[in-house]
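Observations on the model geometry
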Amino acid sequence: MRCNQSCKEEHAYETTSKYNCIRCTDRLYALYTVGCSSDSDGEASEAQKLSGSFTADMTMIIDDLNAVGTISRIGNGEWSTAFSEPSSLAGIILDFSDGTVNASYQGLAFSVPQSALPVKSVLNQFILVVDALAQQEKITGTLSDGQIEVSGEWEGSPYLLTLTKNGALSKFTMDNMDAFLEFSQFQSGAAVATATIALTEAS
């Protein structure tokens, strides 16, 4: 009886040890695969950051045009951009409101200048894409180099929108328009955007 009891206890100990070992191995494997998934390509989702108001610094390259400015989303269909470069666009503000675009310079309104027409066209497409994505609860795309890429077509025009791992704007390209937009200093809140535009008008 003593031998049988001792054998049972030893067998139970070995079984428990093996079980704990397997659990430990599984945990290490899970940690390993999770750590690797952030660096490899695959589907990724990020919390919505485009549905509210925000502002960001923007650089645009369209054919031979290089433009620098600030872009602001006030709400769905309501956007504003203020340009500092090149000299042909410096100080010009383009306000987008439900498909209508108004231009102004130092508080004076005028029709969109010829030099800003390519910018207006690309921004129109960009705004429509972002406003559509802003309706989603989460943004899902492909994880690439630590960023989320969202590709699609809008009215027959292929686009690629790239977000940071935190869901902020990073890049936007439209090959058929030979357009590339890059964003930085993304900040949520319309107050920041309004102040930035006001300072541009006053300068």
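In the block above lies the structure referred to throughout.
Computed from a predicted model, the values in this text were never measured in an experiment. (Residues numbered from 1 in each chain as written. Predicted model: local features only at pLDDT ≥ 70, side-chain atom pairs only at ≥ 80, totals over all residues. Heavy atoms only, no water.)

Turning our eyes to something else, we now look at the overall build of the protein. Check the secondary structure of the protein and you find 3 helices and 12 strands. Within the protein, the proportion of its 203 residues that are buried is 33%. Total accessible area on the protein stands at roughly 11,900 Å², and carbon and sulfur atoms take up 52% of it. (Helix = DSSP H or I, 4+ residues; strand = E, 2+ residues; numbered from the N terminus. Buried < 20%, exposed > 50% of the residue type's maximum accessible area, 1.4 Å probe, protein only. Areas by Shrake-Rupley, 256 points an atom, 1.4 Å probe, with all protein chains shown as cover.)

A surface patch of negative charge is lined by Asp63, Asp64, Asp175 and Asp178. Checked against the element boundaries, Asp178 lands in the loop between strand S11 (169-174) and strand S12 (179-188). The class for Asp178 is partly exposed, based on a relative accessible area of 45%. (Patch = residues over 30% accessible without salt bridge, like charges linked within 9 Å, V, L, I, M, F, W, Y side chains within 5 Å. Salt bridge = Lys/Arg side-chain N within 4 Å of Asp/Glu carboxyl O. Lys, Arg positive; Asp, Glu negative; His and termini not counted. Charge placed at Lys NZ, Arg CZ, Asp CG, Glu CD.)

A word on the pairing of strand S9 (residues 147-154). Of the strand pairs in this sheet, strand S8 (residues 138-144) and S9 are connected by 3 bridges, and their pairing is antiparallel. Residue pairing across strands places Thr142 opposite Glu149, the latter belonging to S9. Adjacent in sequence and paired antiparallel, S8 and S9 are bridged by 2 residues, among which Asp145 carries a positive phi angle near 55 degrees. With 7 bridges connecting them, S9 and strand S10 (residues 157-163) associate as antiparallel partners. Within S10, the residue paired with Gly152 across the bridge is Tyr159. Linking two consecutive strands that pair antiparallel, namely S9 and S10, is a turn of 2 residues; a positive phi of about 55 degrees is found at Glu155 within it. (Pairing = 2+ DSSP bridges.)

None of the figures reported here should be taken as evidence of function without further support.
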